[in-house]
Structures are given as structure tokens and as C-alpha cells.
Amino acid sequence: MAGKRILALSVSAGHGHVRAADALVAGTARWFPENEARQVDLMSLTPTLFRKAYKDSYLKLVQSHPALWGYIYSRTDLARADSALARLRKAIESACNKKLLEIIQDYAPDHIICTHFMPLQVLARWKGKGRLATPVWTCVTDFVAHRFWLEPGQQGYFTADEENVWRMRQRGLESENIRATGIPVMPEFTPPADAAKARREAAELFGLDPQKTTFLLMGGGAGVGNMQELTTDLLALPEDFQLVALAGKNQRLLEDLRAQADSHAGRLFPLGFTSEVHLLLAAADLVITKPGGLTTVECLAMGKPMLVCSPIPGQEEQNADFLLENGAALKAADKSGLLWRVTRLLREPQTLERMGKNAAALGRPYAARDILAEVLGEMPRKG
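If you're wondering where the values come from, they're calculated on a predicted model, not measured in any experiment. (Residues numbered from 1 in each chain as written. Predicted model: local features only at pLDDT ≥ 70, side-chain atom pairs only at ≥ 80, totals over all residues. Heavy atoms only, no water.)

Before going further, it helps to examine the side chain of histidine 146. Structurally, histidine 146 can be placed in the loop between strand E4 (136–139) and strand E5 (156–158). Discounting residues that sit within four places of it in the chain, histidine 146 has contacts with Tyr73, Thr76, Asp77 and Arg171. (Helix = DSSP H or I, 4+ residues; strand = E, 2+ residues; numbered from the N terminus. Contact = heavy atoms within 4.5 Å.)

Written out as C-alpha cells, the structure reads:
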């Protein structure tokens, strides 16, 4: 039987939506190799002015005016799906994505999976006008679905857990085909069969001490200020631990952290952008991060507890609430609170261990596989 084609559509407003789409592509190659998958970022198809306005306005709001973003998030979540503003926004987005229809026609996918609400809404308009017959599936990439995700007429919906299934139906989504599969992560974010061995191998790769408590700091200081100042304060704590600090693509920060590490040999390990986060997670006892949707599900998939900081009002606050309610994380409102909680966890290793078990219980490392099995109607290949 000839393989099927899957088109995974996302939007690079933040990185999580695209990472989820990439996970579906990688999952197809891993578990359904007789099929084919392709990922498209709608931002790569839009006019430059629209792309800059969309991405820059979002980033400016969440970074510089988080309270305003929280207000907008709440108001749009409560607004009617057919409001004049909603219709205008959908019309603008649809007009800016005409190239997408050409890609769909050329690639001829058997299924489309959306990991952002923009392509979902664009395709829903086209379906309503009879311009698209391909089955469209929706993969919600946060722990609570905003109204933007609740577009009727989809082939099926995939979401984080059963509570979100219930919430989506309570909000009027009539489809019975809503599945609590979890949020897709790359295949490498799976718990190793031998955790101790994986920790030793990862520690050796990055020059860490496998016997020492290891904290992984992600997200530019985790939203509680300058990362270099935070690492200074963390390393001033009397407890013995080692700290891996991810600077991402910020080269200046990486250089500053490397200079700082010269005074903290064997304790501070700065790293730039890496595709081996899963290996760092294998070595980590605790992850200090902002509670973005994909970052948190990657940690859960690896069974790693979190200390979440300064969540963006709206989706990140809801993500943090989910983690706290299920005992997989602690939350720090500021740097002082973060330092206190780190000290507490170092002095209460049983608390850290319990949080790790709770995280593992929530983790869905095979979400991508399960989503693809539902979409393709096939059993996955083992491995």
C-alpha cells in the first residue's frame, strides 16, 4: 500500500509550535517510515510587513508588557468566535496566506495537522467555502485551549489531558473525536531504559560530575532577571551543586558566562544553542525555566521536575498552574523566591524525588506516535 503524506502546519511566534510540528515530522520517520511528512511555517509564506508585525507585536507584548498581553489573552478567550473583530482577523490572516493553498495543491497531503491556531482558522475558512477537502487535525500545544483553537469541523483534536478534553466540549466543541494524547515531543525525549547509565554518559559528554546534584537553567534567566546575575546568586549558595546555564543563540551572554565559569571551575557549565537538550535533561535533577508549553512537556516526557519562574499571563500561567496542581513543579515569583526554593530542594532531596515521579507520571513521550497512529489509522513500527 502506498504511503500517505502529512503536512504539519505551524507558526513561528515563539518556538514551541514549530517544535511540535517538527516532532510530528520526526515521529513519522521514526514510527511510520512508509509514510511522508513535511513541516511548513506559515510565517515563511506571509508578506514581510505582516510577518514582522505579527511576530514583533507578540514578542514585544509578552516581553515588555506582559500584563497587557494577559488582558488581551483573557478578552479574546471570552469573545464570541463570530465577533466582528474575529472575522476581520481571520480575513486578514487568510488573505496573507494564499501561498499556503498552492503548497497544499502541489504537495497533495492526505492529512493536515495544525500545531498553531492560525493555519487552523485559515483552513476552516477555506473548508467553509469548499476550497479544501483534505482532512484537517488540530494539535493544541498548551495545557489549556484558548478559544482560538476551538474551530469546528476538524477531523479530530489532540490535547494535553482529559481535563482539556472536557473543557473543550464544555465550550461548545461538538466533535466527539477529541483525544488526550499529550503534546508531541521529538522522539529523543523519552525516558532512558537505564537512567543511571544515561546520566553518566550525558555527564561525561558535557564534563559534569554524575554524582553531584545538577540544575539546568533555561530561558534567558528563566524570566527573573539577568542570567549572569542569577548564576552568581545561585553559586553563592552554600550548598554543593553544579549548574548548567543555556545561553541559546545569545553569543554575548555565552561569553560572559564563560568568563564567569573561570571563577567557578567544576560548578558552572555555560552552553550556547544545542540540539542535545534531551541529553542535558538526562543529566539534570531539576530544570529552572519559564513554563512554555513545549519546554514543559519535554521535561515531563523525561520525568524531570521543574522550578518555573515569571510565567507570561495567559497560556504560561495556565501551564504553571497545571504543573503545580499535579506536583511536578514549584513556582518562584522573583529571584529571591527562586533562591529560597533551590535551597529548600537541596535540603529536601525527598521533595525533589517526589516531584520527579509526579513529572514522569504526567509525561507523554510517545504523544507524537499516538497522534500519528490516529491520523494515519496505522500501527506504529516498534522502536
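Resuming the write-up.
A few words now on the sheet that holds strand E12 (residues 329–332). Consider a sheet: its strands pair through backbone hydrogen bonds, and that pairing is either parallel or antiparallel. Pairing is parallel in the open sheet, where six strands are placed in the order E9-E8-E7-E10-E11-E12. Each edge of the open sheet is held by one strand with a lone partner, namely strand E9 (268–272) and E12. For this sheet, the mean inter-axis angle between neighbouring strands, taken without regard to orientation, is 20°. Pairing analysis gives three bridges linking strand E7 (residues 214–217) to strand E10 (residues 286–289), with the strands arranged parallel. Residue pairing in the sheet places phenylalanine 215 in a bridge with leucine 286 of E10. (Pairing = 2+ DSSP bridges. Axes fitted to C-alpha atoms, helices over the stretch in contact; angles between N-to-C directions.)

Listing the buried residues of helix H9 (residues 227–235) in full gives Met227, Leu230, Thr231, Leu234 and Leu235. Along the axis of H9, the buried residues cluster in a sector spanning 125°; they form a single face. Lining the buried residues of H9 we find E7, strand E8 (242–248), helix H10 (251–261), E9, E10 and helix H14 (335–347). (Buried < 20%, exposed > 50% of the residue type's maximum accessible area, 1.4 Å probe, protein only. Arc of directions from axis to C-beta.)

Within the secondary structure, serine 64 sits in helix H2 (residues 48–64). Distance in space between the C-alpha atoms of serine 64 and histidine 17 is 21 Å, their sequence separation being 47 residues.

Further remarks concern the environment of histidine 278. On the secondary structure map, histidine 278 appears in helix H11 (residues 277–283). In sequence terms histidine 278 and proline 187 are 91 residues apart; their C-alpha atoms lie 9.8 Å from each other. Other than its neighbours up to four places away in sequence, histidine 278 contacts Glu188, Phe189 and Met302.

This paragraph deals with the sheet that holds strand E1 (residues 5–10). Read from one edge to the other, the open sheet built from six strands follows the order E2-E1-E3-E4-E5-E6, with strand pairing classed as parallel. Two strands lie at the open edges of the sheet, namely strand E2 (36–41) and strand E6 (178–179), each paired on one side alone. As paired strands, E5 and E6 are joined by two bridges and run parallel to one another. Within E6, the residue paired with tyrosine 157 across the bridge is isoleucine 178.

With that settled, the discussion passes to unusual backbone geometry. One non-glycine residue with positive phi stands out, namely alanine 108, at about 50°. Note that alanine 108 resides in the loop between helix H5 (98–107) and strand E3 (111–114). You can call alanine 108 partly exposed: its relative accessible area is 45%.

This part takes up the layout of surface pockets. By volume, the second largest pocket is sized at about 360 Å³. Taken together, 17 residues line the second largest pocket, and the ones lying closest to its centre are Ala195, Ala284, Met302, Gly303 and Lys304. The set of elements that each furnish at least two residues to the lining of the second largest pocket consists of helix H8 (195–206) and helix H15 (349–362). When its residues are assigned to classes, the lining of the second largest pocket shows ten nonpolar, two polar and five charged. (1 Å grid on protein atoms, 1.4 Å probe; cavity = no way out; pocket = protein on both sides within 12 Å on 5 of 7 lines; lining within 4 Å. Points joined across faces, edges and corners; volume = space filled by probe spheres on them. Nonpolar A, V, L, I, M, F, W, Y, C, P; charged D, E, K, R; others polar.)

Mean pLDDT over the protein works out to 88, with 93% of the residues at or above the 70 mark. Taken element by element, the protein is modelled with least confidence in helix H4 (residues 84–95), mean pLDDT 66, and with most confidence in E3, mean pLDDT 98. Taken as a whole, residues 220–225 scores under 50 in pLDDT and shows 18 contacts with residues more than four places along the chain or in a different chain. (pLDDT = per-residue confidence, 0-100.)

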